Amino acid sequence: MRHMTIDFPRGWWGTDLGSARASMGTYELYPTESLPVVDQSRFDGTFNWLVPDAPHDPLRAMDAGALAAHVELPAAFKRFMSSQVLMDAIPSCTGCDFDLAPRPVPSPVEPEAQLVRFLRDQQDAVIWYLYLRPGAEPFVIASPWLLEIVGLEEVDPDTLVANMVRAADSFEQFIHRFWLENALWFSVNEGDESTDEMNLYLAHYTAA
């Protein structure tokens, strides 16, 4: 078992974006450096760029509060996961659902770190976790494996790490790109209305 800070591989489990970006299957792992750069100046933890002044939902807030009793959560994570309105504002072309784990689990590769599942594909093709490392800013890990499985720490550590990609350096950064890519998928594949932000994101691929 490793007892060190791991430099996880970086990548984005995403879908096609029409003819602008192909995918070999439902999901493809795209290199982080191939992704468009997004404006993070609006990221203040309120998610007003998504839904201004979105209300809290009592049941969702209760779930987030119960989890926060076990582990320190970033404010943006608690804000988002406490609002059904914010969650409902995120489309998913692959049927993903926000599914907040009731308890954190130890990382199978860093025993001092913890994982909190918050989003999963309807067939568990990809599952997303908040990764909480002592003394460091939380980030988002994506994996095709259900990392809560008991005994997973007995799997070869290199294999585990290879299946845990760092999808975003912060929770809000992840939510923004996930929202943008899914909204764009519906625009290019289903004819939904696009925005200037979506068009600029797509131009990164069409100009290449």
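Notes on the structure in this doc start here. (Residues numbered from 1 in each chain as written. Predicted model: local features only at pLDDT ≥ 70, side-chain atom pairs only at ≥ 80, totals over all residues. Heavy atoms only, no water.)

As a further point, take the packing of helix 5 (residues 171-190) against helix 6 (residues 196-206). Axis separation between helix 5 and helix 6 bottoms out at 10 Å; the angle between their running directions is 85°. As far as their axial angle goes, helix 6 and helix 5 are roughly perpendicular. Along its contact with helix 5, which presents His-176, Arg-177, Trp-179, Leu-180, Glu-181, Ala-183, Leu-184, Ser-187 and Val-188, the element helix 6 presents Glu-197, Met-198, Tyr-201, Leu-202 and Tyr-205. Taken together, the residues of the contact of helix 5 with helix 6 break down into nine nonpolar, two polar and three charged. (Axes fitted to C-alpha atoms, helices over the stretch in contact; angles between N-to-C directions. Helix = DSSP H or I, 4+ residues; strand = E, 2+ residues; numbered from the N terminus. Parallel < 35°, antiparallel > 145°, perpendicular 65-115°, else oblique. Contact = heavy atoms within 4.5 Å. Nonpolar A, V, L, I, M, F, W, Y, C, P; charged D, E, K, R; others polar.)

Glancing now at the packing of aromatic side chains. The geometry of an aromatic ring pair comes down to the distance between the two centres and the angle between the two planes. Summed over the entire model, instances satisfying the criterion amount to 20 aromatic pairs. Between Tyr-131 and Phe-139, the ring centres sit 5.0 Å apart and the planes meet at 25°, which makes this aromatic pair stacked. Looking at Tyr-131, the relative accessible area reads 0%, which means it is buried. The ring of Phe-139 has Arg-166 sitting right over it, with the charged end atom 3.9 Å from the ring centre. (Phe/Tyr/Trp six-rings, centres within 6.5 Å; stacked < 30°, edge-to-face > 60°. Buried < 20%, exposed > 50% of the residue type's maximum accessible area, 1.4 Å probe, protein only. Lys NZ or Arg CZ within 6 Å of the ring centre and 35° of its normal.)

Now for the nonpolar core. One broad trend across soluble globular proteins is that nonpolar side chains are buried collectively. Membership of the largest hydrophobic core comes to 50 residues, with the highest contact counts inside it found for Phe-77, Phe-80, Phe-118, Trp-128 and Phe-174. Among the elements that take part in this core, helix 5 stands out by supplying eight residues, more than any other. If we ignore the near neighbours within four places in the chain, the residues touching Phe-174 are Trp-12, Phe-118, Leu-119, Trp-128, Val-140, Ala-167 and Ala-168. Core analysis: the second largest hydrophobic core is formed by 16 residues, Val-109, Leu-115, Phe-139 and Leu-147 among them. (Core = buried A, V, L, I, M, F, W, Y, C linked by side-chain atoms within 4.5 Å.)

On to the side chain of Arg-79. The topology assignment puts Arg-79 in helix 2 (residues 75-81). Within the structure, the side chain of Arg-79 is placed 2.4 Å from the backbone oxygen of Ala-54, a separation counted as a polar contact. Residues in contact with Arg-79, not counting those within four places in the same chain, are Gly-45, Thr-46, Phe-47, Asp-53, Ala-54, Pro-55, His-56 and Leu-86. (Polar contact = N/O pair within 3.5 Å; in protein donor to acceptor, adjacent residues only side chain to side chain.)

In this section: the side chain of Asp-121. Summarising the element assignment, Asp-121 is placed in the loop between strand 5 (114-120) and strand 6 (127-132). Although Asp-121 is buried, it forms no salt bridge, and the closest oppositely charged side chain is Arg-120 at an N-O distance of 8.2 Å. A polar side-chain atom of Asp-121 sits 2.8 Å from the main-chain amide nitrogen of Gln-123. Setting aside residues no more than four positions away along its own chain, Asp-121 makes contact with Tyr-27, Thr-94, Gly-95, Cys-96, Val-126 and Trp-128. (Lys, Arg positive; Asp, Glu negative; His and termini not counted. Salt bridge = Lys/Arg side-chain N within 4 Å of Asp/Glu carboxyl O.)

Looking now at the pattern of salt bridges. By the definition in use, this model includes nine salt bridges. Arg-21 is the partner of Glu-181 in a salt bridge, and the nearest nitrogen-oxygen pair spans 2.7 Å. Of this pair, Glu-181 sits in helix 5 while Arg-21 sits in the loop between strand 1 (12-14) and strand 2 (28-30); the two residues are 160 residues apart in sequence, bridging distant segments of the chain. For the pair shown, Glu-181 and Arg-21 are each scored as buried. In this structure, Arg-117 and Glu-148 form a salt bridge, with 2.2 Å as the shortest nitrogen-oxygen distance. Note that Arg-117 is positioned in strand 5 and Glu-148 in the loop between strand 7 (139-143) and helix 4 (157-162), a separation of 31 residues in sequence. Classification of Glu-148 as partly exposed rests on a relative accessible area of 21%. If you follow the salt bridges from partner to partner, you end up with Asp-99, Arg-117, Arg-120, Asp-124 and Glu-148 in one network.

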